[in-house]
Structure formats: C-alpha cells, structure tokens
Amino acid sequence: MFTLCTWVHYQKVNILLHLTISAFLKKFLGKGKKEVLSVFPSRTLQLQTTRSWEFIGLTETAKRNPTVESDVIIGVLDTGIWPESESFSDKGYGPPPKKWKGACKGGSNFTCNNKIIGARAYSSDENSSVRDEEGHGSHTASTAAGSKVPDASFYGVAKGIARGGVPSARIAAYKVCDSIGCAGEDVLAAFDDAIADGVDLISISLGGTPTAVESDIISIGSFHAMEKGILTVHSAGNEGPSVSSVSSVAPWLFSVAASSTDRKIITKVVLANGKTLTGNAVNSFTLNGTKFPLVYGKAASRSCSDILARHCEEGCLDSKLVEGKIVVCNDPNVIETSRVGALGTIILGDDQKDVSFVLPLPASILATDQYSVLQSFLNSTKNPQGSILKSETTKDTHAPVVASFSSRGPNSILEDILKPDISAPGIDILAAFSPVASLSSFNEDKRRAKYNILSGTSMACPHVTGAAAYIKTFHPDWSPSAIKSALMTTAWPMNATIQGQYEDGEFAFGAGHINPVKAKAPGLVYEASKDDYLKMLCSINITAFGTCPKNVTGAPKDLNYPSIQAQVNAVKKFTVEFPRTVTNVGPGNSTYVAKVDVADSDIKVSVKPGTLSFKSSGEKKSFIVTVSGKGLKVTSRLSASLVWSDGTHNVRSPIVVYTNSF
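Residues numbered from 1 in each chain as written. Predicted model: local features only at pLDDT ≥ 70, side-chain atom pairs only at ≥ 80, totals over all residues. Heavy atoms only, no water.

- Quoted verbatim from the Sequence similarities (unreviewed entry) field of the UniProt record, the comment on the protein reads "Belongs to the peptidase S8 family."
- Database annotation for the protein, UniProt heading Subcellular location (unreviewed entry): "Secreted". (UniProt positions renumbered as here; feature names shortened; annotations may be inferred.)

As for the environment of Ala 212
Okay, so step 1: Relative to the helices and strands, Ala 212 resides in the loop between β10 (206–207) and α6 (217–227).
Okay, so step 2: The spacing of Ala 212 and Gly 588 is 376 residues in sequence and 41 Å in space, taken between C-alpha atoms. (Helix = DSSP H or I, 4+ residues; strand = E, 2+ residues; numbered from the N terminus.)

A look at helix α5 (residues 184–197)
Okay, so step 1: The first and last C-alpha atoms of α5 sit 20 Å apart over 14 residues, in line with the 20 Å expected at 1.5 Å per residue.
Okay, so step 2: Residues of α5 that are buried include every one of Gly 184, Asp 186, Val 187, Ala 190, Phe 191, Ala 194, Ile 195 and Asp 197, and no others.
Okay, so step 3: In the stretch just after α5, Gly 198 is the one whose phi turns positive, near 100°. (Expected span 1.5 Å × (residues − 1). Buried < 20%, exposed > 50% of the residue type's maximum accessible area, 1.4 Å probe, protein only.)

Observations concerning the UniProt feature "active site" (unreviewed entry) in the protein
Okay, so step 1: Within this structure's numbering, the places UniProt gives as "active site" (unreviewed entry) are Asp 78, His 136 and Ser 458. In sequence the annotated residues extend across 381 residues, while in space they remain close, none of their C-alpha pairs exceeding 10.0 Å.
Okay, so step 2: Note on placement: Asp 78 falls in strand β2 (residues 73–78).

Examining the nonpolar core
Okay, so step 1: Membership of the largest hydrophobic core comes to 137 residues, with the highest contact counts inside it found for Val 187, Leu 487 and Phe 545.
Okay, so step 2: Excluding its chain neighbours within four sequence positions, the residues that come into contact with Val 187 are Leu 77, Val 176, Cys 182, Ile 204, Leu 206, Ile 217 and Ile 218.
Okay, so step 3: In this structure, Phe 574, Val 627, Ala 640 and Ile 655 belong to the second largest nonpolar core, which totals 26 residues. (Core = buried A, V, L, I, M, F, W, Y, C linked by side-chain atoms within 4.5 Å. Contact = heavy atoms within 4.5 Å.)

Digging into the state of the cysteines
Okay, so step 1: Taken as a whole and judged by the stated rule, the model has five disulfides.
Okay, so step 2: A sulfur-sulfur separation of 2.1 Å characterises the disulfide bridge that pairs Cys 104 with Cys 112. Disulfide Cys 104 to Cys 112: torsion about the S-S bond roughly 90°, handedness right-handed.
Okay, so step 3: Here Cys 104 falls in the partly exposed class, since its relative accessible area comes to 37%.
Okay, so step 4: The exposure class of Cys 112 is buried, given its relative accessible area of 16%.
Okay, so step 5: In this model Cys 538 forms its disulfide with Cys 548; the gap between the sulfur atoms is 1.9 Å. With the S-S dihedral at roughly -90°, the linkage between Cys 538 and Cys 548 falls on the left-handed side. Within this pair, whereas Cys 538 is found in helix α14 (residues 530–539), its partner Cys 548 is found in the loop between α14 and β25 (564–567), the two being separated by ten residues in sequence.
Okay, so step 6: We classify Cys 538 as buried; its relative accessible area is 8%.
Okay, so step 7: Counting its disulfide-bonded cysteines in sequence order, the protein shows a connectivity of 1-2, 3-4, 5-7, 6-8, 9-10.
Okay, so step 8: Among the cysteines around Cys 461, which has no disulfide bond, Cys 177 carries the closest sulfur, lying 12 Å off. (Disulfide = S-S within 2.5 Å.)

Topic: the environment of Leu 287
Okay, so step 1: Tracing the backbone through its elements, the reader meets Leu 287 in the loop between β14 (276–279) and β15 (292–296).
Okay, so step 2: Beyond its immediate sequence surroundings of up to four residues, Leu 287 is in contact with Phe 292, Ile 326, Leu 343, Pro 362, Ser 387 and Ile 388.

Concerning the packing of aromatic side chains
Okay, so step 1: If you walk through the whole model with that rule in mind, you get eleven aromatic pairs.
Okay, so step 2: Look at Phe 507 and Tyr 658: their rings are 5.3 Å apart centre to centre, the planes differ by 90°, and that puts the pair in the edge-to-face class. A residue pair is termed long-range when its members are at least 10 positions apart, and Phe 507 in helix α13 (residues 506–509) and Tyr 658 in strand β32 (residues 650–658) qualify at 151 residues.
Okay, so step 3: Residue Phe 507 is classed as buried on the basis of its relative accessible area, which comes to 0%.
Okay, so step 4: Three or more aromatic residues joined by ring pairs make a cluster, and in this case those are Phe 223, Trp 252, Tyr 533 and Phe 545.
Okay, so step 5: The cationic tip of Lys 520 hangs over the ring face of Phe 474; the distance from NZ or CZ to the ring centre is 5.3 Å.
Okay, so step 6: A cation sits over an aromatic face here: Arg 637 above Phe 507, 5.9 Å from the ring centre. (Phe/Tyr/Trp six-rings, centres within 6.5 Å; stacked < 30°, edge-to-face > 60°. Lys NZ or Arg CZ within 6 Å of the ring centre and 35° of its normal.)

A few points about the pattern of salt bridges
Okay, so step 1: Following the criterion strictly, the structure yields 20 salt bridges and no others.
Okay, so step 2: Of the charged contacts, one joins Arg 64 and Glu 69 as a salt bridge, the two residues approaching to 3.3 Å between their closest N and O atoms.
Okay, so step 3: We note a salt bridge from Asp 197 to Arg 120, for which the minimum N-O separation is 2.9 Å. Remark: Arg 120 occurs in strand β4 (residues 116–121) and Asp 197 occurs in helix α5; sequence separation between them is 77 residues.
Okay, so step 4: In this structure, a network of salt bridges that share partners links the residues Arg 51, Asp 262 and Lys 395. (Salt bridge = Lys/Arg side-chain N within 4 Å of Asp/Glu carboxyl O.)

Thoughts on the packing of α5 against α6
Okay, so step 1: One can describe the packing of α5 onto α6 by two numbers: an axis separation of 9 Å at closest approach and a directional angle of 10°. Comparing their axes, α6 and α5 come out roughly parallel. Contact residues: Gly 184, Val 187, Leu 188, Phe 191 and Ile 195 in α5; Ile 217, Ile 218, Ile 220, Gly 221, Ser 222, His 224 and Ala 225 in α6.
Okay, so step 2: Taken together, the residues that form the contact of α5 with α6 break down as eight nonpolar, four polar and no charged. (Axes fitted to C-alpha atoms, helices over the stretch in contact; angles between N-to-C directions. Parallel < 35°, antiparallel > 145°, perpendicular 65-115°, else oblique. Nonpolar A, V, L, I, M, F, W, Y, C, P; charged D, E, K, R; others polar.)

This is how it looks when you write it as structure tokens:
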C-alpha cells in the first residue's frame, strides 16, 4: 500500500490512478454559486513530500511578534492531519482569531483545537474524515507551523526539537488527497473554502505535469486566492533533473525547489576486513550482532538468469538462500529483498545519491566507488561477512545544493517567467507523521512512528510557507507579491552544481536559497496586482481569468516580477528590454545604486536609470533592464544578476536569457 505520494506521479485527465508506491521510489525500489470563467477537464494530482529552520536562519531566538503570529492562519491542502500529534498541541493558545470564519468538519472521531482551528474533508463518502492516514499532510503542516516538541526523532535518528517556522500560527486542514491521489474538483473546492474561511496563506504540496494555466486547477484556485490577498506557496515538483519538468508555472504562485541542509543522514556498512563504506538510507534498525553473511543476488537465486539475479529482480530471490543474510544487489530493488525476508540489503544506487529514504529493512545504498570496494571484497573472500549500522547524521559542508530530484526549468508554459522561484530545505526533513501510516510505503513494514524523515519539494514548500507567514507577522498589510518579492530578492545566491549544465543554475534554484530573517526588511519590493497578471495573460491571448483591458500591449517578460528572464532565438543577435518598478518599503530618504554582475561575456546588461532616489516610504520608481547578446547556441542558458543597494539593503534579481533545448 502506498503511503507517501512524496513524488510526482503519472496522471491522466478524469482518471484516478491506483498507485502502489511513489514514482521515484517505484524506480528506485523496484521499477457557492459563482460565474463560470472556463470549463476544463478535472485532473487528478499527486502529492509531492529539525535542523532545517536553524540552517536557514529562522532560529528559536530570532525576533518574532508572537501575538501577531498567533493570528496568522495557514491553510494546508493535503492528506489531512493527525490532530493528536504533539506538533499540533494547543497548550498556551487562546481562542481562534476573530477573523476566522471557518468550521471544524473533520468527520467522526476528529476534534479541532486552538491550534488546528479548521478542518474539511472532500470526498463522496459521507463518513470521510480529515484524519491523516498517509502522513504527508501532518508532515507538511507541522513543518510550516508545528508547535515545539522536544526530543523528537525517527527512532533516535535526527533527534532534537521539532517545530515549524511559525510555531504560534494556526492551521486549517483541507483533506483533498488520499492514497489514490488528489481529485481536481476537490482541490478547487478546498481553495474556495479556504478563501471564504479567512486563511492568510495557502500551502499546497501536490501537483502533476506542466499544464496551461487556464486549465490548471492550482493556477486557477491560487489566482482567486491572490485576488483576496492570499499567497499560495506551491511545490515545484519532483521530476528533476529533467529539463522543463517544473509543474508550478503561474507567476502568482510561489514555486519552491528542494535543496539540502548541512545535516546529512548516512548509513554505514562495515565489512569483516575492517573497511567501512558510507551509503544513503534512513536505517532505524539495529542488527543483533556484528557480522552477518553477505550474499550476492546471483548466488541467492535458483530461477533467474545471472543478470536478473544480480539485480535482484522481482521473483528471482529464494527465501531459503537469503535467510539470515544481507543481500547485495546491483539494482535498488528493495521490494524483492523485503519480500523474501532477507536480513538486510546493500544496493548500488548512483541516482539521487543526495537523498536518504526510509526503507523497510536494514539497508544502505552505495555510490559506484563504494560499491566497487564491496564487490572486490565479495570476489576475494570465501565467506564474506559484514553488517549495516544504524543511521547517523553528519555535517554537509556543501549545503545548500538543489536536490537532484527537484523539478527544473525552463518554464514550458510561460517561457519568460523564471520557475522555480526559490529553493528551500527539502532533503531528509524530520516532521510529524501519522501513527497509522507505513513509514516506508511497504505493507510488510509494521513500524509506526509519530515522526518521520521525508524528502521532496513537498517538504520544501512548507518551509517557504512558514517563512512567508513569518514575514506577514511583521508586515500584515503586504500584498502576496510583496511578501514573495521580499523572500526572493533577499535569498542567498547559489551556484550551479555543474557549471554550464542547461538544467542547473537558476532553472534549478530560481532566485536562490530562502533567508527569512533578511526578508523582514528587503528595502525594495516588486509588486504585481490582479490587473498586472490579467494584462500579462491577455498579452498571450489567455482570457479565462477575467475581462481583458483594451489595447493590451507588452509580453510576459514585462510583468513586474522579482526575477528577469527571456527566451531568445538561437544563433540570432538579440536585445531584450525588461521594464520594472520597485516600491520603497525601507527608510523614506534613501538612494539605491544598480550593480550588475554578468557571469558570461556573451551577454551585456545595462540598467537605466542606474540610480533610484526615494523621499518617502511607499514611493515607487521605475527602470529598464536591457540585455543584449550575440547569437546563442541551442540549449544555452546565460545568467547575470541585478542588485539595487543603498549600502544596507541589497535587492537582488537573477537575470536569465536562454534558448530552447530542441
């Protein structure tokens, strides 16, 4: 039975797909009455799924407005929530904010409190409950706004204080997903309810394949939320590193990529010859002994060819030949080793070696260099033995780095809008879980826990939700675009993991890695209103979101967006102008000077005027960025950045010009 739809899955219009495990895990482990603006097919979406807050600077001692924070309401559209979790305790909370207009319709045996102030389920089953049976919704909700819980861990791994970014905030849970998926009509209904209920932000960690905004339910629902002053934070998707795989494409959505923190979870393998190998996995098991027989897959099969047996393909392993042994497999096929009751498994797995998964038996996944050492040991030893140790944490000095699985740009729907927008922690995240859900997506795994370690852009999304809520406590009247701009323009700049790789760089991390405390005082913000979005949509003949103004001119690149991007024709010379307007949210009398950093001599960037002088807070100033260059090759991405600085504030925007990948 599938428990965590942490990854993007296959999807079809009007068809609910029965899923057994997530798409990547499958590969990795075993191959009211309102005006109608448009009509489109209902789609089924899928879920995409503590050191992290400390890593991004939002520590327990960070300056806060606790009274205002307790008035912030986060709507979470997900698999529901487990109300008895300590992360959702309402100890010390007062009654819900007066602005709250929602209800607790959690179903039988579900009670709200002053932390979880609202609950709604969307299902034709009249006995449906908001109670989370998958774990994903509890994980995301607690990451954004969970109460402080000391000594939280996954069987002792990653032990510490579990908390959300805004622990005093309230949560409204909207159960739109189950183990099958997330029906489009339910997602839209939840958006409508959340807006009417009075939430301040919406967090939605689910999605599908890139879809035109006029037929994408999350784009449509979030547009209505934006009209009411509600920011929607959305996971970018988990189909990375494939080019143009990002599924959160609308500019009014805050699209989040996943990246690492400085805490990495590893699982060591100790061989009988004294050598220690380091691999990835979240292993909670402690083997009762120090040495156990190691058996290669081909020696544990009586029914398959050597090639299939080496890969531990389904149906190949003999339970009698693996009893009490650790099976070594050339392919990450935990399904088979678990089925036959192996003591443990050691696996070759170079793909996504930056992430650790919870597996149903003692296991470690080794990169090629480590696996080669193991193979040499097997080939040179008559009775090879070894052991798999319980997982431990280690410091990752390279963090933050965008996750290999995180969906990449360029934006395949709106080519001149950079997506994803920003990066946030999404690897090895410890947070609340459902105590009735399988921890590893396997029926054979009978372990249950209150906290689990998950990875995915689903986990990154609520980090940005929590950060946005934090900013809102200092600036309650800021628009969704102002909050988004503040977080984007103050993000930590990141470097491409592989220089020159098309799908890396800004296509992977957007504006950079989130820095919530810095975003409290961004200096300047780029704002966009409903009318601005309509003008952009109408410039490309999309009329489903409202009436187009007369004589629309311009293009999507002209939207007043915090990042700057344009697709250009390959080989031909180009000059592109980007008009932008900034609003002063800092000191009244201030002067900002533009600084451009160009990473590649093939492009030139100019800014006019190069100085902006403000006399009051709230004052607006406009400028034009011009990017020119000689003919670029097919599949080129060139980057630069613009920073407006007054000596105290540095307002940074990434600049990207690119050609198509085909």
